[in-house]
Amino acid sequence: MFKRLQTKLTVLYAGLFALALSVVAVTVYVAIASNAQRAVRQELAATGTVFDRIWALRTQRLQDGAELLSRDFGFRAAVATHDRATVESAVTNLRQRLGLDLAFTVGVDGEVVGLDPSRLDLETLWTALDAEDGAQGVFSIDGQPHQLISAPILSPTLTGWVVFAAKLDEREMQALEKLSAIGLDAQVFTQRGEAWVSADRAPAGGELAAFVAKAMQEKSRAPAMLRDGGDSLVLVQPIRALDQTRGAALVLRHPMALAMAPYRPLMAAVIIAGLIGAALVAAASWALSRGLAKPITALDEAARRLQRGEDVSVAVTTDDEIGRLAESFNLMAEEIREREADMVHQALHDAETGLPNRRALERAIQDRLTGLAVGEQVVIGTIGLDRFPQVRAAIGYELATQLVAKLGQRIVDTVPGLIVGRLTTSILCVVSTTTDIEDVLARAEALLPSLEAPLQIGGEPVDVHITFGLASATNADIDASRLIEHALIGLDQARATHGKLMVFDPVAYGDPASNLSLMSEMLEAVRNGDLFLNHQPKLDLRSGQITGVEALVRWNHPTRGFLRPDLFVGMAEETGHIRALTDYVLTQAIEDQARLRAAGHEVLMSVNVSGRLIDDQAFAEHAIAQVAAAGANLCFEITETAVIGNPDIALAVLARLAEANIRVSIDDYGSGLSSLAYLKQIRADELKIDKMFVTALESGGTDALLVKSTVDLAHSLGMKVTAEGVETREVIAALQLMGCDLAQGYHVAKPLAVDKLIEFLDAWAIDLPVKTESRLSA
């Protein structure tokens, strides 16, 4: 409900004070009310006693007057002689002298003298006079209650009664009320049937009449509380009625409001004092809570700022609990800052070298990209330590790490201002301050010799060989991570071309996403026939016949057109789809060979097999089974480096192919790092000399010697030799003279579809430049 501590404390203290004050006020009020009730009860009781006394005195006075008149001789004689005038005169005279309201006589014969009998309830009066030989009590005359007293007239026998009556009216009640020390309301109630009514004033309320009836029934003589909208104490005092079957009562009532009236100033003073005290307490509470809440609020704000990573501390102004809390907060904030700084350092630096890590580099690069001006570039470079695994194997892991760290420090010392971080184990990244990549390229080339100077590691000089990859961005469209990726690709491109430095070439890199899509499309092409085979003939240089063909896969892409084989075959090897592609080529080559055989041309069908499948025994068994089932005559062309990855298994697979009568040809011999040891181990049937040596035969020189030596070497190992890239008749002549067995190239024929190949073979004829006899003699 209340969110502020200051408000809570203020409300709490003020509320507690108000509660205490309320308890005091209620206690005082209850005590006052109780005391007032007690005083009123006593006063009512006293007034009731006074009334009884007054009633008795008044009764005695009336009784004395009546008896005095009744014993007067003349009066008795007048009554006995029915001298009405004398009787009426005597009664009137005495009524006036005594100040009575009514005075009359009632004869034994019922004659009333001195008062109109119609104003009386004669039957009731006569019954009372006859029953008691005189009557007294409350009697209603003209509907108004009167105190009535009678005295018998004896002459000497009973001849009548003298009756005196005094009104119990408003004046009498006011006289009685004046006798009380408190303001009373006096009323005379008479019973009419079952109801009690106020006879001297206006009709009483229903609550008061019911209260009187109950008190009379219960004969309660103590004042009791009447709650009829305004509390009042009521005393019901029974008085004697002339009619014994009916009752009469004097009712004294005192409103409690009047009893409490003297105490109102006191209560008002208590309330005013309470309100003033509450206001003072609230103000004091507000001031106190403000003093308590202010430093807590400052701590809360400081904690929020600390949460946002701000450097914050709070002022310590006291030495109490709040002050100690502030000191603890400052100490905690300092420790958090230290731990945060340590965590940030660890998060942004390489643990081994202490150089900034990739995250730190990305932040620095992104900041540069964000603040890049028009026409400027963000230039970064990746520096790879060449042959790092070999160096680490030679000097150890720890010293190799020192080598990386010292190389980074050397770069910083050479070009101050650069940001140098570690991307991978052996690759550093440099964020240049120069905003033009051409300038960076020139400076990198100039600094390369000094950067490659040997470093002192463990007291010994260690040679350093590095390669640069550069990349740049002209706007923030490319993020830091992507720019680093470009620099790494530039490094790979430099190494692929055996260069020392290269700027990222996006054209050469291509579109990896598109290439990945191309692989999915290639698998679809295998299923729907978009791939097909062309066959390039091989010429037997001894017989002049076409004795073999090489199956070459081609792809006519529905949207990209004809795709280069080196594009999708290389990607198939890298993405693991080469098995599916090779299976298709193998199946199609067997079918094409069957068509050639059916057309009358028996040729050896050569199929290129990727080096990634040479050590795949499952593929070998599948191929052997397929060839055996079709009775095909195939030759698998492989590169000599294909066996290097897993030589034992690869050589076993080649031996298994040889046992299955599948020939093996070593393709592109001379283009790689040929090893005589592998050449000796591979059970091959053919060696294909790479075209870069063959096309240069016409110019002579060392290429001719290499080709001749290769031909002799292959023959010595029991292999036939095929020369690739034969494009002229002169080359064919040279190959014949060198003893080469087969020739393949555009001079013989370009790769042909199987239908064109059949036509080609049907029409094939050649006049070899060197006759067999001449070559043998040469």
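In case you missed it, the structure is sitting above this.
Right, let's walk through the structure included here. Predicted, not measured: the structure shown is a model, and the values here were computed from it.

Notably, His 82 is not glycine yet its phi reads approximately 60°, a positive angle. Residue placement: His 82 occurs in the loop between helix H2 (73–80) and helix H3 (84–98).

Right, let's get into the sheet that holds strand S4 (residues 144–154). Sheets are built from strands that pair by backbone hydrogen bonding, the pairs being arranged parallel or antiparallel. An order of S2-S1-S5-S4-S3 is seen for the 5 strands of this open sheet, with the pairing classed as antiparallel. Across the chains shown, the open sheet's two edge strands, defined by having one partner strand only, are strand S2 (112–113) and strand S3 (136–141). Strand contacts of helix H1 (residues 5–71): S3, S4 and strand S5 (158–167), with the helix running at about 35° to S4, the strand carrying the most contacts.

What the rule picks out here adds up to 6 aromatic pairs. Pairing Phe 760 with Trp 764 gives two aromatic rings, centres 5.3 Å apart and planes at 45°, and the pair type is tilted. For the pair Phe 760 and Trp 764, one class covers both residues: buried. Over the face of the ring belonging to Tyr 746 we find Lys 750, whose NZ or CZ atom lies 5.3 Å from the ring centre.

Their axes nearest at 5 Å, the elements H1 and H2 cross at an angle of 70°. When the axis of H1 is compared with that of H2, the two are roughly perpendicular. When H1 is examined against H2, the residues Leu 69, Ser 70 and Arg 71 are found in contact with a partner set consisting of Phe 73, Phe 75 and Arg 76. Class assignment for the residues of the contact of H1 with H2 results in 3 nonpolar, 1 polar and 2 charged.

Our next topic: a nonpolar patch on the surface. Among the surface-exposed residues, Leu 12, Tyr 13, Leu 16, Leu 19, Val 23, Leu 288 and Leu 292 lie close enough to one another that they form a single nonpolar patch of about 630 Å² accessible area. Those elements that place two or more of their residues in the nonpolar patch are H1 and helix H8 (264–307). Top contributing element to the nonpolar patch by residue count: H1, with 5 residues. Of note, Val 23 is situated in helix H1. On the basis of relative accessible area, Val 23 is assigned to the partly exposed category, the value being 49%.

Before going further, it helps to spend a moment on the pattern of salt bridges. Should the charged atoms of two oppositely charged side chains come close, the side chains can pair. One pass over the structure, following the stated rule, counts 31 salt bridges. As a salt-bridge pair, Arg 305 and Glu 310 come within 2.9 Å of each other at their nearest N and O atoms. Salt bridges sharing common partners tie together Lys 538, Glu 550, Glu 637, Glu 686, Lys 688 and Glu 724.

On to the sheet that holds strand S13 (residues 427–431). With mixed pairing, the 5 strands of this open sheet are ordered in space as S12-S13-S11-S16-S17. The strands lining the two open edges of the sheet, one partner per strand, are strand S12 (419–422) and strand S17 (501–503). In this sheet, neighbouring strand axes are inclined to one another by 20° on average, regardless of whether the strands run parallel or antiparallel. Bridging between strand S11 (residues 378–385) and strand S16 (residues 466–473) involves 8 bridges; their strand directions are antiparallel.

Definitions and cut-offs
Residues numbered from 1 in each chain as written. Predicted model: local features only at pLDDT ≥ 70, side-chain atom pairs only at ≥ 80, totals over all residues. Heavy atoms only, no water. Helix = DSSP H or I, 4+ residues; strand = E, 2+ residues; numbered from the N terminus. Pairing = 2+ DSSP bridges. Contact = heavy atoms within 4.5 Å. Axes fitted to C-alpha atoms, helices over the stretch in contact; angles between N-to-C directions. Phe/Tyr/Trp six-rings, centres within 6.5 Å; stacked < 30°, edge-to-face > 60°. Buried < 20%, exposed > 50% of the residue type's maximum accessible area, 1.4 Å probe, protein only. Lys NZ or Arg CZ within 6 Å of the ring centre and 35° of its normal. Parallel < 35°, antiparallel > 145°, perpendicular 65-115°, else oblique. Nonpolar A, V, L, I, M, F, W, Y, C, P; charged D, E, K, R; others polar. Patch = residues over 30% accessible without salt bridge, like charges linked within 9 Å, V, L, I, M, F, W, Y side chains within 5 Å. Areas by Shrake-Rupley, 256 points an atom, 1.4 Å probe, with all protein chains shown as cover. Salt bridge = Lys/Arg side-chain N within 4 Å of Asp/Glu carboxyl O.

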